[in-house]
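Inside the fold
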Amino acid sequence: MTADELLDLGPVIPVVVLEDAGAAVPLARTLVDAGMRAIEITLRTPAALEAIANVAADVPDAVVGAGTVLSPAQAQDALAAGAQFLVAPGSTPALLDRLAGMPLLPGAVTASEVMALLERGITWAKFFPAESSGGVRALKALAGPFPQMRFCPTGGIDAAKAKDYLALPNVACVGGSWMLPPPAVQAGDWERIRELATAPSSTA
Ligand code: 3PG
């Protein structure tokens, strides 16, 4: 798996925050059934690594990755648990040095951040936090000087906004949690999540 292949898996990468690792497999099956194969489980909860391991072991059609990767050590833990890709909200020299050649989606929103990635031959980035960093207008502006960049905007996106982002030539896919309302995740309401994930505007 390369970062480019990750961006081509589908138009939406669900961003999952899980308190209970036991929910990971039914949730991942629901998302895969809804057409979302790439699943980002954020390293924001103690359950995250076990959740990644469970999905890697039991949901072969899912491509499970770790989100909120802030350090090389976290990346190693996630890979050891079975993560097939890594997502970081930003990009630091330490992360980029240590994870060179790995399927990493680093964060970038400014021209200088994009240029720092391009200097390393990286032509893909998570655009985070998308809505508060200028959203669709900012991405349109970045397409001029950086036509080779492919972005995955994430942060504050919902089903309706996803459509606008996905219409941009430099947006490969979008990330978001709009199909995963915390009460539905906590209650194990997979039917509700399936509805939200399969709503037409959810997959554009
Ligand atoms: C992320 O970590 O990528 C974002 O927090 C997800 O953004 P959202 O919850 O606003 O969709």
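For the structure given in this document, a descriptive report is provided here.

About the thresholds
Residues numbered from 1 in each chain as written. Predicted model: local features only at pLDDT ≥ 70, side-chain atom pairs only at ≥ 80, totals over all residues. Heavy atoms only, no water. Near = heavy atom within 4 Å. Polar contact = N/O pair within 3.5 Å; in protein donor to acceptor, adjacent residues only side chain to side chain. Areas by Shrake-Rupley, 256 points an atom, 1.4 Å probe, with all protein chains shown as cover. Nonpolar A, V, L, I, M, F, W, Y, C, P; charged D, E, K, R; others polar. Pairing = 2+ DSSP bridges. Helix = DSSP H or I, 4+ residues; strand = E, 2+ residues; numbered from the N terminus. Right-handed = clockwise from strand over helix to strand, strands pointing away. Buried < 20%, exposed > 50% of the residue type's maximum accessible area, 1.4 Å probe, protein only. Arc of directions from axis to C-beta. Contact = heavy atoms within 4.5 Å. Phe/Tyr/Trp six-rings, centres within 6.5 Å; stacked < 30°, edge-to-face > 60°. Lys NZ or Arg CZ within 6 Å of the ring centre and 35° of its normal. Salt bridge = Lys/Arg side-chain N within 4 Å of Asp/Glu carboxyl O. Core = buried A, V, L, I, M, F, W, Y, C linked by side-chain atoms within 4.5 Å.

Moving on, we get to the site of the ligand. Taken together, the residues surrounding the ligand are V15, R44, K126, F128, T154, G155, G156, G176 and S177. Interatomic distance of 2.7 Å between a backbone N/O atom of G156 and an oxygen atom of the ligand. S177 places a polar side-chain atom, nitrogen or oxygen, 2.6 Å from an oxygen atom of the ligand. Contact with the protein chains hides 79% of the accessible area of the ligand, taken as 320 Å² for the molecule alone. Looking at the shell around the ligand, its residues break down into two nonpolar, five polar and two charged.

Regular strands place their side chains on alternate faces of the sheet. For strand β6 (residues 124-127) and strand β7 (residues 150-153), the ladder comprises four bridges, and the chain directions are parallel. Bridged to A125 within β7 is F151. For the crossover from β6 across helix α7 (residues 135-143) to β7, the handedness is right-handed.

Attention now goes to α7. Turning to α7, its buried residues number three or more, namely G135, A138, L139 and L142. The buried residues of α7 occupy an angular sector of 95° when projected down its axis, which confines them to one face. Seen from the buried face of α7, the exposed residues on the opposite side, beyond 90 degrees, are R137, K140 and A141. Packing partners of the buried residues in α7 comprise α6 (111-119), β6, β7 and α8 (159-166).

Considering all chains together, one arrives at one aromatic pair under this definition. With a centroid separation of 6.0 Å and 80° between ring planes, the pair formed by F127 and F151 is classed as edge-to-face. Of the two residues, F127 sits in strand β6 while F151 sits in strand β7, which places them 24 residues apart along the sequence. No difference in accessibility class separates F127 from F151, as the two residues are buried. Above the ring of F128, the side-chain terminus of K126 is found at 4.8 Å from the ring centroid.

On to the pattern of salt bridges, then. Counted under the stated rule, the structure contains eight salt bridges. The residue R150 makes a salt bridge to D8 at a minimum N-O spacing of 2.6 Å. In this pair, R150 sits in strand β7 while D8 sits in the loop between α1 (3-7) and β1 (12-16), placing the two residues 142 residues apart along the sequence. Members of the salt-bridge network, linked through shared partners, are D4, D8 and R150.

Attention now goes to unusual backbone geometry. A cis amide bond, omega -5°, links F128 with the succeeding residue P129. Inspection of the secondary structure puts P129 in the loop between β6 and α7. Even without being glycine, T68 reaches a positive phi, approximately 55°. With respect to the helices, strands and loops of the structure, T68 is situated in the loop between β3 (63-67) and α4 (72-81).

Glancing now at the nonpolar core. Counting 78 residues, the largest nonpolar core has L31, I41, V174 and M179 as the members making the most contacts within it. Sorting elements by how many residues they give to this core places helix α2 (residues 24-33) first, with six residues. What I41 contacts, discounting residues up to four positions off in sequence, is V16, A48, A51, I52, V55, V64, G65, A66 and G67.

So, about the environment of V16. Note that V16 resides in strand β1. Relative accessible area serves as the criterion here: at 3%, V16 is assigned to the buried category. Residues V16 and A66 lie 50 residues apart in sequence; the distance between their C-alpha atoms is 9.4 Å. Beyond its immediate stretch of four places on either side in the chain, V16 contacts L27, L31, I39, E40, I41, T42 and L180.

This part is about the pairing of β1. Among the five residues of β1, five are classified as buried, and the element is accordingly described as predominantly covered. Because side chains alternate across β1, one face comprises the buried residues V12, P14 and V16, and the other comprises I13 and V15, equally buried. Direction of pairing for β1 relative to strand β8 (residues 174-176): parallel, over a ladder of three bridges. Following the sheet pairing, V12 is matched in β8 by V174. The sheet contact formed by β1 and strand β2 (residues 38-42) spans two bridges and is parallel. Counted as the bridge partner of V16 is I41 from β2.

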